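Next come the chains, spelled out residue by residue.
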Amino acid sequence: PRLLPAGATVDLGPEMAGDALEIRAVFAVGDADAVGLSVRRGPGGEETRVGIDARRGTLFVDRTRSGRCDFHPGFAARHDAPLRVGPDGVASLHL
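Predicted model only: the values in this text are computed from it and were never measured.

Undergrad: Explain the overall build of the protein chain here, please?
TA: What the protein chain contains, in helices and strands, is zero helices and six strands. Written out in order from the N terminus, the α and β elements of the protein chain read β-β-β-β-β-β. Burial statistics for the protein chain: of 95 residues in total, 21% are counted as buried. Accessible area for the protein chain stands at about 7200 Å²; split by element, carbon and sulfur atoms hold 53% of it. Computing the positive centroid from 12 side-chain charges and the negative centroid from 13, the protein chain places the two 3 Å apart.

Undergrad: Which parts of the structure should I look at to understand the sheet that holds strand 2 (residues 34-39)?
TA: Strand pairing within a sheet occurs via backbone hydrogen bonds; the two strands may be parallel or antiparallel. The strand order across the open sheet formed by four strands is 2-3-4-5, and the pairing between neighbours is antiparallel. Edge positions in the sheet fall to strand 2 and strand 5 (78-82), since each of these pairs with one other strand and no more. Here the average twist between neighbouring strands, direction ignored, is 15°.

Parameters at a glance
Residues numbered from 1 in each chain as written. Predicted model: local features only at pLDDT ≥ 70, side-chain atom pairs only at ≥ 80, totals over all residues. Heavy atoms only, no water. Helix = DSSP H or I, 4+ residues; strand = E, 2+ residues; numbered from the N terminus. Buried < 20%, exposed > 50% of the residue type's maximum accessible area, 1.4 Å probe, protein only. Areas by Shrake-Rupley, 256 points an atom, 1.4 Å probe, with all protein chains shown as cover. Lys, Arg positive; Asp, Glu negative; His and termini not counted. Charge placed at Lys NZ, Arg CZ, Asp CG, Glu CD. Pairing = 2+ DSSP bridges. Axes fitted to C-alpha atoms, helices over the stretch in contact; angles between N-to-C directions.

In structure tokens, the structure reads:
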């Protein structure tokens, strides 16, 4: 496990190849409006954001900048589901 400060970037480099990656992240949400990860980042600025919107009480997947997305009208969107951060202010994601 690694402890990363807010705004940190971790480049997994070219040695991370394949079709799947398991990520387990624990966030100390504190008074942040939202916390999350950018995954599948590309050289053209494309990325998919996965995170917790503490203000709205939701888990989200944001694919609005996920690269080519003209194959389905609902793909390039932000999708939300209810999620409450515990009273200790800690939230976990397992992707």
